[in-house]
Amino acid sequence: MSLVNFTTREITCKIVYYGPGRSGKTTNLHYVYGRVPETRRGRMVSLATQTDRTLFFDFLPIDLGQISGFSTRFQLYTVPGQVYYDATRRLVLQGADGVVFVGDSQARQLDENIESLQNLQSNLLEHGVDVRTMPLVMQYNKQDLPAELILTPAELDDALNFRSVPSFPADALHGRGVFETLKGISELVLKRLATGSPAS
Amino acid sequence: MTTALNPRFTFETFVVGAANRLAVTAGRTVAENPGSAYNPLFIYSGSGLGKTHVLMAIGHAAKVLAAQLNIEYLTLDEYVEAFHAAIAAGQGDAFRRRFQNVDVLLVDDVQFLTNRKEMQAELLRLTEALQQSGHQIVLASDRPPAEIADLDERLISRFSGGLVVDIGVPDYETRVAILRRKAEERGSSFQPGVLETVAKTEYPNVRELMGGLNRLIAFQAVSDMPINEEAVRKVLGMPSAASPAAVSSTAASPTAASADEFSQFLSDVTVTVGKAVEAWRARVAEAVMRWEGEGYRTGRLSKLLDQETPAAVDEAITAYVQDVEKLKSLEAEVAVLDPQAAGDKVFRDPDRVAEAEATAAKIRDGAAPPPAPSGAFPLDSFVAGPSNDVALNAARDVIGKPGKKYNPLVIVGRSGLGKTHLLNAIGLELAKKKNAIVACLSTQQFVDELIAAIDGNRVDWWRARYRRASALLLDDIQLLAGKERTQEELFNLFNQFLDGDRQLIFTAPAHPNTLEGLEERIVSRLEGGLVAEISDPDKELRRNVLERVLDHQRVPKEPALLDYLADRPIDSVRSLTGIVQRVVEAAAAQDEPVTAGLARDVLEGAPAPRRTTGLRTSGIVVSSAGGVRSREKMVWDWPASSDRVIEDLR
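Definitions and limits used
- Residues numbered from 1 in each chain as written.
- Chains lettered and ligands numbered in written order.
- Predicted model: local features only at pLDDT ≥ 70, side-chain atom pairs only at ≥ 80, totals over all residues.
- Heavy atoms only, no water.
- Axes fitted to C-alpha atoms, helices over the stretch in contact; angles between N-to-C directions.
- Helix = DSSP H or I, 4+ residues; strand = E, 2+ residues; numbered from the N terminus.
- Parallel < 35°, antiparallel > 145°, perpendicular 65-115°, else oblique.
- Left-handed = near helix turned anticlockwise from the far one by under 90°.
- Contact = heavy atoms within 4.5 Å.
- Nonpolar A, V, L, I, M, F, W, Y, C, P; charged D, E, K, R; others polar.
- Pairing = 2+ DSSP bridges.

A. Looking closely at the packing of helix H2 (residues 86-93) of chain A against helix H3 (residues 110-126) of chain A. Residues and elements named next belong to chain A. Between H2 and H3, whose axes approach to 9 Å, the crossing angle comes to 60°. Taken together, the axis directions place H2 and H3 in an arrangement best described as oblique. Two packed elements cross with a definite hand, and for H2 against H3 that hand is right-handed. Contacts between H2 and H3 involve Asp86, Arg89, Arg90 and Leu93 from the first element and Asn119, Leu120, Asn123, Leu124 and Glu126 from the second. Looking at the contact of H2 with H3 residue by residue, the class counts come to three nonpolar, two polar and four charged.

This is the structure:
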């Protein structure tokens, strides 16, 4: 799926929220869903277990209308975070135009974050995509938790953001940083329009 | 000192309506006969209704008719200023002489004479002098002479001695006409209904109406999409007609900055896309969107987008726009002559300008023919039998001697017996004759055309179109019921056709004298010709029809099958064709030959064995057991198939 189709004058951005289990990917989507006017969003598809863990994936289509003559759509996906759903993650990642890595700021979750980041890298490679070429932003979620439990954005940058991609502290539950993150990834993705290298 | 006449203010550019007709007529008369018709002419109206326009138009018109005339336009203030300057320079007499030599003097804003006694005296003197020497004076004011405060009695009687006319607020229709003309002058076009919405606003004067139009033009110039009625309400601050519809993203963007997170995000993305999309692509895409929105084909522009770096993009867009403009003007021209022809899609395809020109030329020449009979109903495919031989013979007579033998011919019979077929077949045969113009259409279309003609004020043109015809064939005449105006028009056509021995043919479900809602004079004329009935199909006709249909379907005509089908209880040729179709389809589904036995099975119970594949089922079997039962777990709206993810369960 390419980013832009000139024949039909459509721009379609597939953005995947990636990260360890319980880091808040679905919460991000829920917040976005709640802020998008009804006329502009499709139904959010969410497949969750009894305990609200994402089983397969979440999907939220957003229609931004006509921009510069192009009908512009965003498709936001989350992957299931739990380790054993790797196949699903790989499939969701297919054709992504950009990735938001939602990290859990809790200090005790650092290993999970690192593991998930490595998993992202290897899954992208499975699709023949080098993580260095994929538009990527980091979101450090749960920054609202007591300071003694979490790492600061700077510490997380040191630990996770070795590529120095844009990173955003967030509290997805209350919406802080959610749209900033979305905007950050959108800019990276849409810049590709100019360089003319559609992600595939 | 005096103001030059504004070249835009002529009678040609002044939209005349009930509210200003008198003023315009008087103005034209004065321009044609300066000094002799109405002198002085005094025009008054509220601000912004066109006083100045009419004054200047009089000047222009007079100049056109007699170029040597000395014409001056000035406002009262300018007059006062000039007078003071002249007095100060000691040139009072020269000033008076100068104005007394003007052939047509146009003075605007006379209401400012209030409290200017010396000017009133001066103007009185000038008016008298001009009148005596047969020169014209036209005055304009925002109120009638008697209401100008403190105005000298002699001036009031002098002004009122000529003609005093007022210009009122234009009515809705005039407002629409003004808006259309002004929009056109400015090269702007709007979606249907937009200008009408503006006109519905009760503007106190035309100037403010123009202000509203200006806002729309400006708004449309910066907007991605042609504005619609709802956007008009927003732009003009009118109350919304419905719940606020989705406004284009650009329309929303000015307020986005202060709005919620999503709007902020949207405006950020808009900026990013604007930067990222190559400028030429955005221009082409915007052009495509604009013209698509107006209903034009944009294939030519879309092709540009498929290229990497096309040359001369702007030239291509300009050429496209020129073609569209050409089509627009052709369409507008045609719309006046023939509203229905204007709907032709040739006027919406900039790649077919030449064709559109040819079509317009044809219509312009008045050669636009009335609707012709359909080629789908040739006479030789009309199946004959005893039940329709009267009608068919009458048809042959009519074809042989149109207008002479049976006029009118009325074919009656129930639905599905072939009335429309026979009507069109006769039409096709008549059309083969030299110089024949056969009008053959449904009564509904006839009524619709008349309504469109009335709407477009083109009834004369519409009449002429039918009067030219050498034969008029109307299907389903019963639809005239209650359509008084159409009956009136048809009555007149009827008489003309009968007088000119031109053929009239109608179809109806029953004898005309049993149809309700038709006027007596129409009924008596219909009954005055030949009413030929087509009755339920007889066996011979059925066999003939069957043979033809089976031939057409390439099915062997077994005598047993023919006998069986011909004996089925049916009441029309259409239903006979229908049952044959059913049998043939069933045979195809079961992969069996069409036989009498199979036909019996299909038509009399013994249901054909169900197959899981075939035309009638999708082949998808939905199991009620198993699957996801919980509502929360159901996916109601799946993403597009290309985006769908299939879980690999382990």
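Moving on from the coordinates now.
B. Inspection of the sheet that holds strand S7 (residues 438-442) of chain B at higher detail. Residue and element names in this part refer to chain B. The five strands are arranged S7-S8-S9-S6-S10 in an open sheet whose pairing can be described as parallel. Of all the strands in the sheet, just S7 and strand S10 (530-533) have a single pairing partner and so form its edges. The mean angle between the axes of side-by-side strands here comes to 15°, regardless of whether they run parallel or antiparallel. Pairing between S7 and strand S8 (residues 471-475): five bridges, direction parallel. Bridge assignment links Ser442 to a residue of S8, and that residue is Asp475. Packed onto the sheet, helix H19 (residues 443-455) meets S7 and S8 and runs at close to 100° relative to S7.

C. A look at the environment of Ile58 of chain B. All names here are of chain B. As for its position among the elements, Ile58 is in helix H2 (residues 51-65). The spatial distance from the C-alpha of Ile58 to the C-alpha of Val138 is 8.8 Å, given a sequence separation of 80 residues. Among all residues touching Ile58, those that are not within four sequence positions of it are Phe11, Gly27, Val30, Ala31, Leu41, Ile43, Leu106 and Val138.

D. Fine view of the sheet that holds strand S5 (residues 163-167) of chain B. All names here are of chain B. Read across the sheet, five strands follow the order S2-S3-S4-S1-S5 without closing on themselves; strand pairing throughout is parallel. Only two strands of the sheet have a single partner each, and these edge strands are strand S2 (71-75) and S5. If you compare each strand with its neighbour and ignore which way they point, the axes differ by 15° on average. Of the pairings in the sheet, the one linking strand S1 (residues 41-45) to S5 comprises five bridges and is parallel in character. Across the sheet, residue Ser45 finds its bridge partner in S5, namely Ile167. Sheet strands in contact with helix H1 (residues 21-32) are S1, strand S4 (136-141) and S5, and its direction is about 135° off that of S5.

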